[in-house]
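# Inside the fold
Read off the chains here:
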Amino acid sequence: MARLTYDDLYQVPLKDLGSAADDWKEMVDQLAQLATAARDGMVRKSEVARWEGVNAGVTRPFIRTTAEEFHDAHTQAKGIWSMLRDAHRDLTEIQKSLKRAIDVDAKKHSIQVSSDADGGVICKYVDRSGEQTKDTAAQTAYLQNFADRVASLVAQATEIDGSVTRALGKIHGNDSHDFGHATYESLDDVQRERTVQLAKKSLSLHESGEELSPTELAEFRTLMQGNAKDREFAVEFYRDMGAKDALRFEAQLAINASSGDDKTRLDLARSIQKDMGIALATATDPPSGKDNPHTSFREDRTYLGKAWINELKKVGLQPLGVGLDHGEPVGYQALASLLRYGTYDKAFLNPIAEELVKQEREGATWPVPNPHNGDLHFGLNLADEKSPGWDPMTGVLTAFGNSPDASTAFFNGSTGGGNSGLKRLDNLEFFLSDENGRKEWLPDKTSGLTDPDDASRVPAKQALGEALQSATTGRPYGDEGPLKPHTRAQADVFEGVVKEVGGDSGLVKHDGKLAAIAPHLGNMSAEYMYDIQRTFAGGDSSGYFENAGADANSKALSDERNLTKFLQATAEDPKAYAAIKHAQQAVTTEAIRDNISGIGEDSLAPTAERVVRPGATIASITAVGQGESIAAADDSLKKVQEYNQSLEERAKWIGRFAEMGANHIPLYGDFANWAYEDAQEAVLKHYTRDEEEVVQQIESDRKDFLDGEREKSALAIKQAFLDAARKENIPTAPGTTGAGAADDVFYSVNTGFSDGRTR
């Protein structure tokens, strides 16, 4: 079969294919009538006819066979129509995507697209005269991504063309005297059959030390990539493969690709791993969003069934038999690399996570094979060479980072108790608490790692941070969309995190065992800034800070100064500090605006003083943490630079609060604009520090540094008050009530800052 090119896909008129599908639909309908007439007419009449003799013995079977052929002809025609219908639908969508890429994106970026002699895609930047331009690094990266996008569309179309060709051949069967051969209800059936065939061929080849050819592997990648989010395809693929073979195929593919020097094969395997993970998430997600009340998993084509899940549980702790001499990986290890991709339902993901917690609490370690051909970097996880994937808990935590509902439920849950032989322990405590001075959770708990502070454990810690952020915010990690109201369950997790970290803040300080999660704790603190400020204002009775959904209980946050210690330790990380600082300024700015709106002159100053005090306290607490971090750094100047840079990079936080006000109700127009611009400017102007001056202050007298931070906080918040007052048409000229209130705000911030230093 000739290779389909970019030009073919762009130029081919698909209208004729659609017309052919319509014609075959008519044929299907007519043959359905004939088959029905043959069955209900000829066959029924022949069966009741009073025929005798030789003729009767010949005629009845002949009529039955003829009727069966009409039925087979209808089935065959239906299969052909299904192939043409689905091919027309899918190719039309792909062609639309291609034309959108070429006619819109390529023109916008002055990219010229053409086919090479082998049918591949050539993309290059050209100027108006058609001459190729010299590209910047950013342009080169975009051009490569664009070329990959076009090539992927062509590959998908090529695979559809090939799948339909193979299917039509099997449906026809090359027998002109007999209808009724292979039966397919959709193109998905054909592609899934081919995908399973290639995976099982790979398993068979592995037994003799061979692998799929690059062409076959690329074909598998294209099939999986195009169908990973197709529910029926995903369910049937994993059901046909079975849990053990699916995981064994993935493990063999990952280990072979990562242990060699074939970059093309590694890139293909990495893409396959991602799409197999997305397909697994698709296959295990209940179509209705909830389980059947009578069985944990429905056995149908839209949901991976109970039998498969039970097989997975059996395989989870069993060696997969991938042919390694030592340290054969078990099922859960291979599974965890797939779980890194997609959004998983809690009914599927959480029991797996609880089983892993149980195993680790019982002292289990996960096998790590000996170096393969002297290569220390081979592994199961292809997404990150620093995290080879031998500890399945890291992959599960990454899955929680992508699956907020599951993550929230998990960190509100527990393991042990009953007849398990383990005492009941909250899952959050397992990851964050000490048990008799010993950490319950050891990141990357494998037989190959013995040093608990080994740098290779950092990816596991970062995965924990991602999971906690997902659990407390209700959004997948990395989602920078609008803030969402918190549920009671999400707030419960945040309270628990504050309690655990605040009770042992050394864990997340600059040199703490879990310092890697500090940036995530900073993001969480920013999202809960309404609750945090309300806590420092004295609780709900203050009335100055609205609830953003279910509020985090103020008493739970402030017990034993946990909140103070939590924020101070978290602020030792520059990224966390920046997120907290921007959120604090945004919420303070919003609270000022809300509480002085329409207020009388006599109440203006005292109200403003009380409103700004919590923000000042938070500014003080985080400044102490910042000072501790700078003082302890090997290169203090570089650390100050990191703080300044993080303030610039995380300015987005103010924008998110400005767009979504109290209770996360969108605020449009004037307020959103000035709040975003003025609050952001205040943070960058007042909190960005001169590096050398800060280092000198830290080295000579820490008090000078904190006094400087106090002054800057007072100026930033006073400016927020003045901006809000002007928007409310409150006079702020010298001698006016507004000007006096601004001075009182300045004084209140200084006092609140001092309170924060003594907490």
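Anything mentioned here points back to the structure above.
The model shown is predicted, which means the values in this text are computed figures rather than measured ones. (Residues numbered from 1 in each chain as written. Predicted model: local features only at pLDDT ≥ 70, side-chain atom pairs only at ≥ 80, totals over all residues. Heavy atoms only, no water.)

## A word on the pattern of salt bridges
Using the criterion set out here, one finds 29 salt bridges in the structure. Across the salt bridge formed by Arg-192 and Asp-240, the nearest N and O atoms sit 2.6 Å from each other. Taken together, the positions of Arg-192 in helix H5 (residues 187-207) and Asp-240 in helix H7 (residues 231-241) put the pair 48 residues apart, joining distant regions of the chain. The exposure class of Asp-240 is partly exposed, given its relative accessible area of 30%. In this structure, the salt-bridge partner of Arg-488 is Asp-492, at a minimum N-O distance of 3.0 Å. On the criterion of helical spacing, the pair formed by Arg-488 and Asp-492 is a turn pair, its members being four residues apart in helix H17 (residues 488-503). Judged by relative accessible area, which is 35%, Arg-488 ranks as partly exposed. Asp-492 sits in the partly exposed class, given a relative accessible area of 31%. (Salt bridge = Lys/Arg side-chain N within 4 Å of Asp/Glu carboxyl O. Helix = DSSP H or I, 4+ residues; strand = E, 2+ residues; numbered from the N terminus. Buried < 20%, exposed > 50% of the residue type's maximum accessible area, 1.4 Å probe, protein only.)

## Focus on the packing of helix H11 (residues 331-339) against helix H12 (residues 346-361)
Helix packing for two helices is described by the angle between their axes and how far apart those axes are. Following both chains from N to C, one finds H11 and H12 inclined at 135 degrees, their axes separated by 12 Å at the closest point. Taken together, the axis directions place H11 and H12 in an arrangement best described as oblique. Considering the relative orientation of H11 and H12, their crossing is left-handed. Only Phe-348, Leu-349, Ile-352, Glu-355 and Leu-356 of H12 make contact with H11, whose side of the interface consists of Tyr-332, Leu-335 and Leu-339. Considering only residue class, the contact of H11 with H12 consists of seven nonpolar, no polar and one charged. (Axes fitted to C-alpha atoms, helices over the stretch in contact; angles between N-to-C directions. Parallel < 35°, antiparallel > 145°, perpendicular 65-115°, else oblique. Left-handed = near helix turned anticlockwise from the far one by under 90°. Contact = heavy atoms within 4.5 Å. Nonpolar A, V, L, I, M, F, W, Y, C, P; charged D, E, K, R; others polar.)

## Section: empty space enclosed by the protein
Considering all chains together, one arrives at two cavities of 30 Å³ or more under this definition. Breaking the lining of the largest cavity down by element, the ones donating at least two residues are H5 and helix H8 (243-259). No other element matches the four residues that H8 contributes to the lining of the largest cavity. Of the residues in the lining of the largest cavity, the class split is four nonpolar, four polar and three charged. (1 Å grid on protein atoms, 1.4 Å probe; cavity = no way out; pocket = protein on both sides within 12 Å on 5 of 7 lines; lining within 4 Å. Points joined across faces, edges and corners; volume = space filled by probe spheres on them.)

## Structural notes on helix H21 (residues 562-570)
Most of H21 is tucked away: seven of the nine residues are buried. If you check which residues of H21 are buried, you get Asn-562, Leu-563, Thr-564, Phe-566, Leu-567, Ala-569 and Thr-570.

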